[in-house]
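Each chain is listed here by its residues.
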Protein chains: 2
Amino acid sequence: MPDVKHFDPEVTLDQVVALFWQRGAEVTGIADVVAATGLSRSSLYATFGGKAQLQAAALGRYLERQSRPVFEALAADGRGLPAIAAFFERLVAARCSGVHARWGCLVTNTHATANGGLSEIREVLERHHDALRAAMRAALEAARTKGQLRAGLDVGAAAEALTLQAYAVNLRSRAGAEAGVLLAGVRAVLDGFATTGER
Amino acid sequence: MPDVKHFDPEVTLDQVVALFWQRGAEVTGIADVVAATGLSRSSLYATFGGKAQLQAAALGRYLERQSRPVFEALAADGRGLPAIAAFFERLVAARCSGVHARWGCLVTNTHATANGGLSEIREVLERHHDALRAAMRAALEAARTKGQLRAGLDVGAAAEALTLQAYAVNLRSRAGAEAGVLLAGVRAVLDGFATTGER
DNA sequence: CCTATCTTGGAACGACTATTCCAAGATAGG
DNA sequence: CCTATCTTGGAATAGTCGTTCCAAGATAGG
């Protein structure tokens, strides 16, 4: 009997992700969301329920659509250290050039801003961190079986270090850091994990 | 002839730094500044000139008072790798416990938020980055003369890597990361730079 | 003490914020 | 076609934003 939605919530969420990602969720108003999505305040509030929940939904969608596929590709890539190097090369390229150049990473940006926000937002941050670190660890363990890793390397600590390095790449790229400088930093860390002479 | 200021602008700036640092500059209103400093809007605008300029002034003061002394101590510390390790141990401790626990770093936080802000803010970000990387480089060169570094290590790239690692520590600490996890990540990077068996 | 000059408190400003509300429109089962 | 039920557009809400303004207060040279 009832009426049905005149729009696709997932498409709307993608537009909101782009908005929050580029300009920041805190400084983006509902009026901006209305203008970008083309739908009305009523539909927005009826579907998502408010700005904080909209932000959490957008953050969750970013994790699933932008981050997760890349993390899974890294975890499934059996090449070892070259897989990690390729991950960072594509990361730096995406952060410094192309459509999303200088946007940083929505999750990384949220780290600095989400102070008293919803607990759901904090949970997405943690999910993101765990997923990336797990993917890094999987790639490092593949590297270990191939004999690419230095003897005595703590794989868990190394995975954390690389995850931290990725956050910093996201952060500095938004402030205008050069791709070459970021890549050199990443490579120095990776070289330190490799067996002498490897890579 | 004229009247003189009834307050100390530097003390006020310190209070503003604390406010912006803990809660974020974007979400902190002038009303909050008025409440925290105890002075009126007139004095605030007459002295600093507006919120954007107040933010730039607070950011600059943070760099000079909080960051610079630590960077200079690192650059002057001749111990090499132990000096860098000590830097990170004090950093993690300051970020995860004590008065400023979970505040992160004002400069790091600003990286994620300052998008279309004053160009002066961007310049402070760059000054901060250059100062930290130079200090890291000085400490690494001290390590080199002491034979602590792996053969073939690019000192410039390593300094950039450690600087990025520091940013990530600041970022993740604000989101609640455990001190032990952060330290383990840092140590993995440092161990990768050292001669085998060192540290 | 007087007065020129600055500072201060606090009211007022328009523009924005997120959110709510309701009448009008759209839908689909009966 | 009818009607119950949802959605939609858009006006209206109360509150906060950064900023401005001016009368009243404070200062120190003359």
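Cut-off values and rules
- Position labels on residues start from 1 in each chain and follow its written sequence.
- As a convention, the first chain written is A and the first ligand written is 1, with the rest following in written order.
- The predicted nature of this model means local features are confined to residues of pLDDT at least 70 and side-chain atom pairs, given and counted, to a pLDDT of 80 or more, with totals for whole chains, interfaces and linings taken over all residues.
- Where side-chain values are given, they derive from all heavy atoms of the structure, hydrogens and water being excluded.
- A run of DSSP states H or I qualifies as a helix once it reaches four residues; a run of E qualifies as a strand once it reaches two. Both are numbered from the N-terminal end.
- Burial here depends on accessible area, computed with a 1.4 Å probe over protein chains only, as a share of the maximum for the residue type. Under 20% is buried, over 50% is exposed, and the range in between is partly exposed.
- Contacts are assigned to residue pairs with any non-hydrogen atoms lying within 4.5 Å of each other.
- Using the Shrake-Rupley algorithm and a 1.4 Å probe, accessible areas are obtained, with residue cover drawn only from the displayed protein chains.
- Counted as positive: Lys and Arg. Counted as negative: Asp and Glu, with His and the chain ends omitted from the count.
- Where a charge lies is defined by one atom per residue type: Lys uses NZ, Arg uses CZ, Asp uses CG and Glu uses CD.
- Whenever a pair of cysteine sulfur atoms sits within 2.5 Å, that pair is classed as a disulfide.
- UniProt positions are given in the numbering used here, feature names are shortened, and annotations may be inferred rather than shown by experiment.
- The fit set for superposing copies consists of C-alpha atoms from residues with pLDDT of at least 70 in both; the fit itself is least squares.
- Summed over both partners, the accessible surface that disappears when two parts come together, traced with a 1.4 Å probe, is what is meant by buried area.
- Salt bridges, as used here, are contacts in which a Lys or Arg side-chain nitrogen is within 4 Å of a carboxyl oxygen on Asp or Glu.
- Counted as a polar contact is a pair of N or O atoms within 3.5 Å, where, for protein atoms, one must be capable of donating a hydrogen and the other of accepting one, and residues adjacent in sequence contribute only when both atoms are in side chains.
- Under the scheme applied here, ten amino acids are nonpolar (Ala, Val, Leu, Ile, Met, Phe, Trp, Tyr, Cys and Pro), four are charged (Asp, Glu, Lys and Arg), and all others, including Gly, are polar.
- We call a residue near a given molecule or strand whenever any one of its heavy atoms falls within 4 Å of it.

Asks: Give a detailed account of the overall build of chain A, specifying residues and quantitative values.
Replies: Counting its secondary structure elements, chain A contains nine helices and zero strands. Starting at the N terminus and ending at the C terminus, chain A contains elements arranged as α-α-α-α-α-α-α-α-α. Here the C-alpha coordinates of chain A stretch approximately 65 × 35 × 30 Å along the principal axes. Buried residues in chain A amount to 51% of all 199 residues. Contacts in chain A between residues far apart in sequence, at least 24 positions, make up 72% of those at least 6 positions apart. Accessible area for chain A stands at about 8,400 Å²; split by element, carbon and sulfur atoms hold 53% of it. Side-chain charges in chain A split into 22 positive and 20 negative, and the spacing between the mean points of these groups amounts to 4 Å.

Asks: I'd like to hear about the state of the cysteines, residue by residue, with values.
Replies: All names here are of chain A. For the structure shown, the criterion picks out zero disulfides over all chains. With no disulfide partner, Cys 96 has as its closest neighbouring cysteine sulfur the one in Cys 105, 13 Å distant. The class for Cys 96 is buried, based on a relative accessible area of 15%.

Asks: Summarise the UniProt feature "domain: HTH tetR-type" (unreviewed entry) in chain A; cite the residues concerned and give the values.
Replies: Here the UniProt feature "domain: HTH tetR-type" (unreviewed entry) sits at residues 6-66 of chain A. With 77% helix and 0% strand, residues 6-66 of chain A has end C-alpha atoms that lie 26 Å from one another.

Asks: Help me get a handle on the relation of the copies chain A and chain B, residues and values and all.
Replies: Each copy superposes on the other: chain A lies on chain B with an RMSD of 0.1 Å after a rotation of 180 degrees and an axial shift of 0.0 Å. This pairing of chains is accounted for by a two-fold axis. Residue Gly 192 of chain A of chain A places its C-alpha closer to the rotation axis than any other residue of that unit, at 1.9 Å. The residues that chain A uses at the interface reappear at the interface of chain B in 100% of cases, marking a shared surface.

Asks: Give a detailed account of the interface of chain A and chain B, specifying residues and quantitative values.
Replies: Counting residues at the interface gives 37 residues for chain A and 37 residues for chain B. Of the roughly 3,200 Å² buried at the junction of chain A and chain B (both faces included), carbon and sulfur atoms supply 61%. By the criterion of area lost to chain B, the three top residues of chain A are Leu 164, Leu 171 and Arg 172 of chain A, representing 20% of everything that side buries. Put simply, chain A and chain B have two salt bridges between them. For Arg 172 of chain B, the salt bridge goes to Glu 126 of chain A, with nearest N and O atoms at 2.8 Å. Where chain A packs against chain B, one counts eight residue pairs in polar contact (both at pLDDT 80 or more). Contributions of two or more residues to the side of chain A that touches chain B are made by helix H1 (9-23), helix H6 (106-113), helix H7 (119-145), helix H8 (155-174) and helix H9 (179-193) of chain A. Ranked by the residues each element gives to the side of chain A that touches chain B, the list is headed by H8 of chain A, at 11 residues. Here the residues of the side of chain A that touches chain B sort into 17 nonpolar, 10 polar and 10 charged.

Asks: Kindly report on the protein's contact with DNA strand D, identifying the contributing residues and their values.
Replies: Taken together, 23 residues are adjacent to DNA strand D, and His 6 and Ser 42 of chain A together with Met 1, Ile 30 and Arg 41 of chain B come closest. When atoms of DNA strand D within 4 Å of the protein are split into backbone and base, the sugar-phosphate part holds 56%. Residue Ser 40 of chain A places a side-chain N or O atom 3.3 Å away from a phosphate oxygen belonging to DNA strand D. The separation between a base nitrogen of DNA strand D and a polar side-chain atom of Ser 42 of chain B is 3.5 Å. Looking at the surface near DNA strand D, the elements that each hand over two or more residues are helix H3 (41-48) of chain A together with helix H3 (41-48) of chain B. The residue makeup of the surface near DNA strand D, split by class, is eight nonpolar, nine polar and six charged.

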